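Structural description and commentary
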Amino acid sequence: MEKQIVILGAGESGVGAAILAKKKGLKVFVSDSGIITKENKKVLSNNEIKWEEGKHTMEKILQAKEVVKSPGIPDDIEIIQAIKLAGISVVSEVEFAFRYTKAKVVAITGSNGKTTTTLLVGHILKKAGLDVLIAGNIGVGFAREIANRDYSYIVLELSSFQLDGIKEFKPNVAIILNITPDHLNRYENDFSKYIASKLRITMNQQKEDVLIYNRDDKQIKANLKTKAKAIPISINKQIAGNGAFYKNNKININLNNKKMTIQELALQGKHNIYNSMAAAIATRILDVKNDIIRQSMLDFQNIEHRLEYVLTVHGIDFINDSKATNVNAAWYALESMTKPVIWIVGGVDKGNDYDEISEIVKSRVKAIICLGESTKKIQKYFNKIVGKIETVSSMEEAVRSSYQLGDKGDVVLLSPTCASFDMFDNFEHRGQEFKNQVRKL
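Residues numbered from 1 in each chain as written. Predicted model: local features only at pLDDT ≥ 70, side-chain atom pairs only at ≥ 80, totals over all residues. Heavy atoms only, no water.

This paragraph deals with helix α16 (residues 395-405). Buried within α16 we find Met395, Ala398, Val399, Ser401, Ser402 and Leu405. One side of α16 carries all its buried residues, which in axial view fall inside an arc of 165°. (Buried < 20%, exposed > 50% of the residue type's maximum accessible area, 1.4 Å probe, protein only. Helix = DSSP H or I, 4+ residues; strand = E, 2+ residues; numbered from the N terminus. Arc of directions from axis to C-beta.)

Shown next as C-alpha cells:
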C-alpha cells in the first residue's frame, strides 16, 4: 500500500506532523529507530496512524511521496541519503505545518536568546489581545497545534536543524539575533555551513517581508543576503534610518519616521537589550501600540533555566542558567553578573572554543567547579586563568562545593557551556537537579 507521507522520528514534532497529515487526508506511516513513548504510541493508535519502532523498514519508507524528518536526525546518515537518492523530498515539521496555516508568522533564530525573544514577542502580541500560537523549538509542536485549529499569529523559535529542512517556508517577520559556533559536530566542524543554515530563515522572504538583524554581529553583517526589508538593531552604533539602537540606558526605535523609546526593561544584561529591541520592532511592525509594548517589556517573566534566580543562602546567590549549552551563552551569563562568580561548568562538549570567554572568565570568576565528561578540557584550559578549580561527580557535590567555596556577596552560577546528555535527560533535568540541591543547603 502506498504511503504518501512517512514521518521519521516519533517525538513531539514527528507525532504532531503525523496527526496533521492524517487530518488533511494523507496516508501516514511513522518510523522510529528508537523506542516510542507509551503516550505517543497511544496518540498514534487513537488517530489510526500506523507506526514502527526499533527499526526503519526501507521498503515502506521508499514508497513515500515525501518524508518529514525529526530535527534530531542528521542529514548525512545512510537512511536520509537513500531517501534523497530515490528522489523523495525530505522536509522538516516546520515546513510541513507551514503549508496549512494562513497566520502571520514571526520566526526567530540565533545561537542564543531565541527562546527569550520568542516568548517576549508572544507575550506582547497576547497582551495586545491577539490570537497567538508560540511554537517551534519551544513548548508545543507547531504541526500538532495547527491540526487542532489555525491562529491569526504564529511566533516560532527555529533551530538551525529545523531550518535545514525548509523549502517554501517564508515568515512575514524574521529575526536573526546572533551567530556563534554551536552544533558544529552536525556541520562537519565547518562554521560557514552553520552560518548558511541560520541564514536560511530569510531565503524565501520577499520585499513585502521584514528581516530584523543584529548589525553588531560580524557573521551576520558579512554573510547576510535578503530580498526582505532589512531592519538593523545595534548597541554599539546609532542607527539613522529604520532600526533600533541603545543609548543613554534607553532603547530608541525608528520605524517609518515614527519614533519610540523604551526605558525600563524587566530583563537585565546586554544580550536582553538585543532580545528586547528585536521583539519591540517585530511587534511594532504588526501594529501593536507603543504603550502595550512598553508595559509588556516591564512585566515579562523570563523562562526557567535561563539566568533564573533560585535562592540566596547565607549571602550567596544561586543562579540557574542550565540552558547555556554553548560558550557564547555562558559569555552572556557571565557578562550580566555583577558579583564574584563561582562557576559550575561542564557536560558534553560540542566543539567549544574557550578563547571566546577567557577574558570575561579572568575578570569575573573566582572559582570553577567542573562537572561531567568534558572536565579535563575545561581544567586544562582554565588552569592558568582561575586560581581554584575543583572536579566533582554529581550535581549534589557541585552545589555543596560551590557553597563551601563561596563568601557572602558571591554568586554561584550554573552555566555549563555544554550539552547535558552525559548525566541528565536534558538541560531542564540538569537545571531542576541544581535547584533541588540548592534548596537542600
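Covalent bonding between the sulfur atoms of two cysteines is what defines a disulfide. One pass over the structure, following the stated rule, counts 0 disulfides. No disulfide involves Cys370; its nearest neighbouring cysteine sulfur is the one of Cys418, lying 9.6 Å away. For Cys418, a relative accessible area of 0% translates into the label buried. (Disulfide = S-S within 2.5 Å.)

Moving on, we get to empty space enclosed by the protein. Within the structure shown, the criterion is met by 4 cavities of 30 Å³ or more. Roughly 100 Å³ of internal volume is contained in the largest cavity. Lining the largest cavity are 15 residues, with Asn112, Gly113, His271, Asn275 and Tyr332 sitting closest to its centre. Elements with a minimum of two residues in the lining of the largest cavity: α11 (270-285) and α13 (327-335). Of the residues assigned to the lining of the largest cavity, the class counts are 6 nonpolar, 7 polar and 2 charged. (1 Å grid on protein atoms, 1.4 Å probe; cavity = no way out; pocket = protein on both sides within 12 Å on 5 of 7 lines; lining within 4 Å. Points joined across faces, edges and corners; volume = space filled by probe spheres on them. Nonpolar A, V, L, I, M, F, W, Y, C, P; charged D, E, K, R; others polar.)

Here we come to a positive patch on the surface. Taken together, the side chains of Lys22, Lys50, Lys55 and Lys60 define a basic patch exposed on the protein surface. Along the chain, Lys50 turns up in strand β3 (residues 50-53). (Patch = residues over 30% accessible without salt bridge, like charges linked within 9 Å, V, L, I, M, F, W, Y side chains within 5 Å. Areas by Shrake-Rupley, 256 points an atom, 1.4 Å probe, with all protein chains shown as cover. Salt bridge = Lys/Arg side-chain N within 4 Å of Asp/Glu carboxyl O. Lys, Arg positive; Asp, Glu negative; His and termini not counted. Charge placed at Lys NZ, Arg CZ, Asp CG, Glu CD.)

Burial analysis of strand β17 (residues 341-345) places 5 of its 5 residues in the buried class, the great majority of the element. Burial along β17 is two-sided: the face carrying Val341, Trp343 and Val345 and the face carrying Ile342 and Ile344 are both buried. As judged from the 5 bridges shared by β17 and strand β18 (residues 365-371), these two strands associate in the parallel manner. Counterpart to Trp343 in the pairing with β18 is Ile368. The parallel pair β17 and β18 is bridged by helix α14 (residues 358-364), and the resulting crossover is right-handed. Judged from the 4 bridges that link them, β17 and strand β20 (residues 411-414) form a sheet pairing that is parallel. Its bridge partner being in β20, Val341 is matched across the sheet by Val411. (Pairing = 2+ DSSP bridges. Right-handed = clockwise from strand over helix to strand, strands pointing away.)

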